[in-house]
Amino acid sequence: MDFVHDQLATGKKLRILTVVDTHSRYCPAADARFTYRGENVVQTLEGICRKTGYPKTIRVDNGSEFISRDLDLWAYANNVTLDFSRPGKPTDNGFIEAFNSKLRSECLNAHWFLTLADSREKLETWRRYYNEERPHSAVGYNVPIALHNPGGATSQPS
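Residues numbered from 1 in each chain as written. Predicted model: local features only at pLDDT ≥ 70, side-chain atom pairs only at ≥ 80, totals over all residues. Heavy atoms only, no water.

Packed helices, taken two at a time, are described by the angle their axes make and the gap between the axes. Interaxial distance between helix α1 (residues 38-52) and helix α2 (residues 69-77) falls to 7 Å at its minimum, and their mutual angle equals 30°. Classified by the angle between their axes, α1 and α2 sit roughly parallel to one another. Of the residues in α2, those in contact with Gly38, Glu39, Val41, Val42, Leu45, Glu46 and Cys49 of α1 are Asp70, Leu71 and Trp74. Here the contact of α1 with α2 is composed, by residue class, of six nonpolar, one polar and three charged. (Axes fitted to C-alpha atoms, helices over the stretch in contact; angles between N-to-C directions. Helix = DSSP H or I, 4+ residues; strand = E, 2+ residues; numbered from the N terminus. Parallel < 35°, antiparallel > 145°, perpendicular 65-115°, else oblique. Contact = heavy atoms within 4.5 Å. Nonpolar A, V, L, I, M, F, W, Y, C, P; charged D, E, K, R; others polar.)

Right under this line is the structure:
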């Protein structure tokens, strides 16, 4: 789990919470907001976990949203371990860094976002393409949804 930063065409800054399963490379959420706090991270995670179940571990950096009391209480209540990367060591969370690079090159650099709603729509379209159509060398040139949902069901809109 990590953040990517971008902006609207008007210059207003966006923060995009990205969540990726390290095994399947499946992305259950790329959630854009103007500001993010710990309670917003919890809200996004709870929406994901209601659909897919609770993970045993979530790897995060040391951003204020991830070291918040809200996320800590949520993790404790749901028996989820928060695995913090070492400060200044993005390689500790290499899977999400690689994902964020692809998100930036294939989506963020390819689109102008006019509004928050426009950014969410374009991110969701790309997220579905990434999960359901785009083969990944890291998972044997399969699509992530094939490993995440072996029955082949498509992803639900986030």
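On we go from here.
This next bit is on the packing of aromatic side chains. On inspection of all chains with the given rule, the structure shows six aromatic pairs. Pairing Phe99 with Tyr130 gives two aromatic rings, centres 4.9 Å apart and planes at 85°, and the pair type is edge-to-face. Residue Phe99 is located in helix α3 (residues 94-106), and its partner Tyr130 is located in helix α4 (residues 116-132); the two are separated by 31 residues in the primary sequence. You'll find Phe99 and Tyr130 in the same group, each marked buried. The ring of Phe34 carries Lys12 above its face, with NZ or CZ at 4.1 Å from the centroid. The aromatic ring of Phe3 is capped on one face by Arg15, whose charged end is 4.2 Å from the ring centroid. (Phe/Tyr/Trp six-rings, centres within 6.5 Å; stacked < 30°, edge-to-face > 60°. Buried < 20%, exposed > 50% of the residue type's maximum accessible area, 1.4 Å probe, protein only. Lys NZ or Arg CZ within 6 Å of the ring centre and 35° of its normal.)

The next thing to look at is the nonpolar core. Ranked by size, the top nonpolar core spans 19 residues in total, and within it Met1, Val41, Leu71 and Trp74 carry the most contacts. When contributions to this core are tallied by element, the ones reaching two or more residues are β2 (13-19), α1, β4 (57-60) and α2. A total of five residues in this core trace back to one element, the largest contributor, which is α1. Not counting residues within four places of it along the chain, the set of residues in contact with Val41 comprises Met1, Phe3, Leu17, Tyr36, Glu65, Phe66 and Leu71. Of all hydrophobic cores here, the second largest spans 18 residues; its members include Leu8, Ala30, Leu108 and Phe113. (Core = buried A, V, L, I, M, F, W, Y, C linked by side-chain atoms within 4.5 Å.)

So, on to α1. Spanning 15 residues, α1 covers 21 Å between terminal C-alpha atoms, matching the ideal 21 Å at 1.5 Å per step. Every buried residue of α1 is accounted for by Gly38, Asn40, Val41, Val42, Thr44, Leu45, Glu46, Ile48 and Cys49. Taken together, the buried residues of α1 touch β1 (2-7), β2, β3 (29-33), β4 and α2. Within two residues after α1, Gly53 carries a phi angle of roughly 95°, on the positive side. (Expected span 1.5 Å × (residues − 1).)

Right, let's talk about the sheet that holds β1 for a bit. Backbone hydrogen bonds are what pair the strands of a sheet, in a parallel or an antiparallel way. One open sheet accounts for three strands, arranged β1-β2-β3; its pairing is antiparallel. Where the open sheet ends on each side, the last strands, each with one partner, are β1 and β3. Averaged over all adjacent pairs, the angle separating strand axes in this sheet is 25°, with direction ignored. Relative to β3, β2 runs antiparallel, the two sharing five bridges. The residue of β3 that forms the bridge with Thr18 is Ala30. Those strands touched by α1 are β1, β2 and β3, and its axis lies near 150° from that of β3. Its contacts with the sheet place α3 against β1 and β2, and it is angled at close to 20° to β1. (Pairing = 2+ DSSP bridges.)

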